[in-house]
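The primary structure of each chain is shown beneath.
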Amino acid sequence: MKSEELLKDLNPDQIKGVIETEGPVLVLAGAGSGKTRLLTYKLAYLVKVLGIPAYSIFATTFTNKAAGEMKARAERLVGGALKGMWIGTFHSLCGRILRIEAEALGLTPEFTIYDEDDSLRLVKQIMRELKLDNFKVSPRGVASYISSLKEKLITPEEFSAIAMKGFESEIVPVYKEYQAALQRSNAVDFDDMIMYVVYLFRQNEEIHHRWASRFQYILVDEFQDTNRAQYELVKLLSAVHRNVTVVGDDDQSIYGWRGAEIRNILNFPNDFQGTKIVKLEQNYRSTRRILEVANAIVKNNSMRHEKRLWCNSEDGSLPTLNIYQNEYEEGSGIVKIISRLINDNGVSPNNIAILYRTNAQSRIFEEELRRANIPYQVVGGISFYQRSEIKDMLAYLKLIVNPKDNLSFARIVNLPPRGVGKSSIQKLEKESASRGIPIFTLCREGQLDFLPHLAQSGIKNFVSLIEELKGKKDDVYVLLKELVEKTGYIKMLEEEAEPESEERIENIYELLSSAYAFSESHPEDRSVEGYLAEVSLLTSVDQWDPDSGRVSLMTVHSAKGLEFEYVFVAGLEHGLFPLAKAEFDNELLEEERRLFYVATTRCKRGLWYSYALTRRMHGNENFCKASQFLEEIPKELLNVEGGSCDFALQYERDADFPISVNSRVLHPFFGFGRVLEIRGRGKNAIVTVLFEKFGIKKLALAFTELEIV
DNA sequence: CCTCAAGTATTTTTT
DNA sequence: ATACTTGAGG
Ligand SMILES: Nc1ncnc2c1ncn2[C@@H]1O[C@H](COP(=O)(O)OP(=O)(O)OP(=O)(O)O)[C@@H](O)[C@H]1O
């Protein structure tokens, strides 16, 4: 095929990035400059113009949804199916490699993937066993510490050699035992999926060579958010052909807290000899006003690659900043604007998004949108597949395909109740560990006379149920349906008759329809294994429907890579966005600023910022001041409504009243006390304080000198 | 072994 | 404010 026809939708810089197929290529470019489009066209170019077979291409994107879209677009360009192309998230692609190479790693292809919640349970269990219950680092902290080690490819052995600080040496045995427990359960966690592939390639030259030869072209989107393990994987996979194209924007690196390293993108040319660098400088997404604001924001970061970003689009209107009295007014104010957009301007709810820093902020918007009868969808938070009733059902499936999965066993053996309580499970765990046999095998084959009779018969029934269902694992839907019936799980929910029971029952039916949909869409492989592999690695955005005709609500993190005509960025308050934790840490602060840049650049034409003067957090009312990021935007670039545009003044005033309910205060005459209530705001506020010596007093803040202690 | 109630920690973002 | 853990009693 003639390449001109394919390349006519690209600008000259993008074309350069596409046709530069041999050797390493780094595309470093700002938001909305067409990086993803470049990659999509490059896929099509490789196949259609160069005749490269699709199966020798390995491409990663940040979400499965992005992968699906990129593949579908590339197929449209090619005019045929891209069969056998490896495209997906790092995790799903590594999962596929692991299923094939499982044995070399001491796993079987049926291995289970543990999510964050599973691995936290495991860490808790291990810490209990190691008598570290009262360890100064919480199980959660230990779990995330272990995760950060894995992201850096540090094994338990290596860690034990470098663990210096007191608490680190205590984590060593937990990490060791955690890995051993995973191995015994024939399970991996998210971090293992990448780490194991890297280890395998490093240790086994034959296997490494086989995979690295297979993939002639490697393409990576959102490269600024790769961690060290992923970077190493890219190096290893491209070792034979050396054709690797990575695209990204250091200004959009927002996953540092998850191990992402910006230096991966900044140092790429050093590690990949002969890298050709492509820069894209034209933004096609946003109007000029929005782009000006975005550029003004990111200019304040010091650790960055300076990039030019210009646009040819219309000026558009100034982004608006709305200042609301409290978070409820912010909710109703934003929803009012949204309903005007929909009803008066004929905008489809599809094209509108509300973005926020934390998931907890979504609730108020949901309530207001429901009240206004505007359809919406929330992305992220606790996802469907993380709900406990769904995880219970999935644990059954996991145990059916992987009988070694001890964690899943412990989760469901007594759900519904079968007389197998906590202490029985603990005894089983002990016995299984000391004999080196999976718990399920022990139950099937071993003598269980160390358990109460009730537990023994309960386990017997449980084992035969699992054994019976095993025969049906070629079709998830059939199996799951029978599982729901035979376990009596729904009956259990009905009987417990709690307020949420009904919703949980509905969720079970919803799971059944998801399994049905999977069976329908994968007629060649309807297996439980395939279903689990898919649902275990869904990202939050994968569960989002871009064409649902609904307003989208999500965190800024989830919105990465997406675009909307109209965007609301809410809760721009000091301590919330940026989070309080980032206040005194410049690196964290710069990441928060990049997050704000990402939020801003999602918008094509209508942008509204907002913040609330007071907000209730963990139960008490807080006075808020504007996010410092708002102050960094030149005044003439914003249209400010509902308050003074003089932030400096506001900053000052609010700094005088950082008082919240429960604050301990010192009064020049009354002495120490605790704030019970705050009425009104700013200078007009009346605070009620319970003083230690003088009891309850009402004070007008304007006339009192209260000091926070 | 199970249930209920009081007490405690907790949420920043997610594969 | 809420979710989860822990302890007493059935
Ligand atoms: N050459 C082009 N001509 C016209 N429109 C383009 C061109 N390249 C990209 N676009 C459009 O610009 C928008 C942004 O493109 P794309 O998503 O590829 O950018 P990106 O650099 O990946 O953005 P981000 O960094 O924000 O994820 C899309 O709507 C895309 O269709």
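Nothing here was measured: the structure is a model prediction, and the numbers come from that model.

A few points about the domain arrangement of chain A
On domain assignment, one finds that chain A holds domain 1 (3–101 + 194–282), domain 2 (113–185), domain 3 (298–383 + 545–647), domain 4 (385–403 + 411–537) and domain 5 (663–708). With centres defined by C-alpha atoms, the gap from domain 3 to domain 4 works out at 42 Å.

Thoughts on the site of the ligand
Neighbouring the ligand are 18 residues; Gln 14, Lys 35, Thr 36, Arg 285 and Glu 563 lie closest to it. At 3.2 Å, a backbone N or O of Asp 9 approaches a nitrogen atom of the ligand. Taking Gly 32, its main chain carries an N or O atom lying 3.1 Å from an oxygen atom of the ligand. Burial of the ligand by the surrounding chains reaches 82%, relative to a free accessible area of 630 Å². Taken together, the residues that form the shell around the ligand break down as 3 nonpolar, 9 polar and 6 charged. Here the shell around the ligand spans two domains, since at least three of its residues come from each of domain 1 (3–101 + 194–282) and domain 3 (298–383 + 545–647).

Comments concerning the protein's contact with DNA strand B
Close to DNA strand B lie 22 residues, the nearest being Arg 357, Ser 423, Ser 424, Ser 540 and Leu 579. The sugar-phosphate backbone supplies 54% of the atoms of DNA strand B found within 4 Å of the protein. In the environment of DNA strand B, a phosphate oxygen lies 3.1 Å from a nitrogen or oxygen atom belonging to the side chain of Asn 414. Here a phosphate oxygen of DNA strand B and a backbone polar atom of Gly 421 are 3.4 Å apart. For the surface near DNA strand B, the secondary structure elements donating two or more residues are helix 20 (422–435) and helix 27 (556–559). Broken down by class, the residue content of the surface near DNA strand B amounts to 4 nonpolar, 13 polar and 5 charged.

Section: unusual backbone geometry
Cis geometry is adopted by the peptide bond preceding Pro 578, which originates at Phe 577 and carries an omega value of 10°. Its location among the elements puts Pro 578 in the loop between strand 15 (564–569) and helix 28 (586–601). With a phi close to 65°, Leu 153 is a non-glycine residue in the positive phi region. With respect to the element layout, Leu 153 can be found in the loop between helix 7 (139–151) and helix 8 (156–162).

Digging into the sheet that holds strand 1 (residues 25–29)
Spatial ordering of the open sheet is given by 3-2-6-7-1-8, a layout of 6 strands whose pairing is parallel. In this open sheet, the two edge strands, each paired with only one partner strand, are strand 3 (86–88) and strand 8 (276–280). Across the sheet, the axes of successive neighbouring strands diverge by a mean angle of 10°, strand direction being ignored. In terms of strand pairing, strand 1 meets strand 7 (residues 244–248) through 4 bridges, oriented parallel. Residue pairing in the sheet places Val 25 in a bridge with Thr 245 of strand 7.

Procedures and definitions
Residues numbered from 1 in each chain as written. Chains lettered and ligands numbered in written order. Predicted model: local features only at pLDDT ≥ 70, side-chain atom pairs only at ≥ 80, totals over all residues. Heavy atoms only, no water. Domains from an automatic or database assignment. Near = heavy atom within 4 Å. Polar contact = N/O pair within 3.5 Å; in protein donor to acceptor, adjacent residues only side chain to side chain. Areas by Shrake-Rupley, 256 points an atom, 1.4 Å probe, with all protein chains shown as cover. Nonpolar A, V, L, I, M, F, W, Y, C, P; charged D, E, K, R; others polar. Helix = DSSP H or I, 4+ residues; strand = E, 2+ residues; numbered from the N terminus. Pairing = 2+ DSSP bridges. Axes fitted to C-alpha atoms, helices over the stretch in contact; angles between N-to-C directions.

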